[in-house]
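# What the coordinates show
Each chain, written out:
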Amino acid sequence: MEIPVVEKVLKLNDDIAAGVRKRLLAHHVCTLNIISAPGSGKTTLLERSFGELREDLNLAVIEGDPDTTLDAERIAKHNIPVVQIETAGGCHLEANLVDNALNNFDLDAVDLLFIENVGNLVCPCSFDLGETCRVGIVSTPEGHDKPAKYPRLFKEADVIILNKIDLLPYLNFDVNVFREYIAQLNPAAPVLELSCTTGEGLDQWIAWLKNMVKT
Ligand code: MG
Ligand code: ZN
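Right, let's walk through the structure included here. (Residues numbered from 1 in each chain as written. Chains lettered and ligands numbered in written order. Predicted model: local features only at pLDDT ≥ 70, side-chain atom pairs only at ≥ 80, totals over all residues. Heavy atoms only, no water.)

### Topic: the coordination of the zinc ion (ligand 2)
Rules: Each metal's donors comprise the N, O and S atoms found within 2.8 Å of it (within 3.2 Å for Na, K or Ca). Water is not part of the atom list, so some coordination spheres may appear incomplete. When accessible area is computed with a 1.4 Å probe and restricted to protein chains, residues below 20% of their type maximum are described as buried, those above 50% as exposed, and intermediate ones as partly exposed.
Within the protein, the zinc ion (ligand 2) binds to C91 (SG), H92 (ND1) and C123 (SG); these donor distances fall in the range 1.9 to 2.2 Å. Sequence positions of the donors to the zinc ion (ligand 2) reduce to the motif C-H-x30-C. A relative accessible area of 36% means that C91 is categorised as partly exposed. What makes H92 buried here is its relative accessible area of 15%.

### Digging into unusual backbone geometry
For clarity, the cut-off: Helix numbers and strand numbers start at the N terminus; a helix is a DSSP run of H or I with at least 4 residues, a strand a run of E with at least 2.
A positive phi angle, near 60°, is found at N79, a position not held by glycine. With respect to the helices and strands, the residue N79 is situated in the loop between α3 (70–76) and β3 (82–86). Here N79 falls in the exposed class, since its relative accessible area comes to 65%. Even without glycine at this site, A88 takes up a positive phi of about 50°.

### Notes on the side chain of K42
Threshold: Charge counting follows a simple rule: Lys and Arg are positive, Asp and Glu are negative, and His as well as the terminal groups are ignored. Basic side-chain nitrogens of Lys or Arg form a salt bridge, by our definition, when they fall within 4 Å of a carboxyl oxygen of Asp or Glu. Contact between two residues is taken to exist if any of their heavy atoms lie within 4.5 Å; hydrogens are not considered.
Assignment of secondary structure puts K42 in helix α2 (residues 42–53). There is no salt bridge for the buried K42, and the closest opposite charge comes from E116, which lies 4.3 Å off by N-O distance. Residues within four places of K42 in sequence aside, it is in contact with I34, I35, S36, A37, E116, N117, G119 and I137.

Take a look at the structure:
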């Protein structure tokens, strides 16, 4: 029987995630699990956020990637502590991988930890990593129907980012339809429209982050 096996895996992950959450809380680390499709701008958003945050907060990053260290190398260039989790083709991060990765940081010297999940809108949602908040990102070229097609992420996200709004004039992306889908799934979640290319809207994201770390 397949279903009980899957449930067992998820239950084990949840137990480990509860331990990770305790560990992070004990060290006062605020942790974001960032979930999106490949190419929506997760790494770029992090790179664009460091400048505004690093004066007040000690930052760290865990990079989940199926095969390469390309994103981790980008983060390391900013002199932010970064640990790469290579999933060897695996399509999501699991709590035990995060638990092991945490051994590489001095957690007392971290205020805000970003976990860039593997680019995938489906299964990362099933695996609690012990995070404080879940961030969902969609970029405009992906289409405004993504919340309808992949509702779980949008139901569970604490904040939703619509990236690449500078491309809206060239696309058939209807922001109102996108917002309407999210309003039905998760009316409490803020939807932040921004562009990592032009910098438009980044201030709302930085304000959201700073407020979240404070509380
Ligand atoms: Mg990336
Ligand atoms: Zn997966």
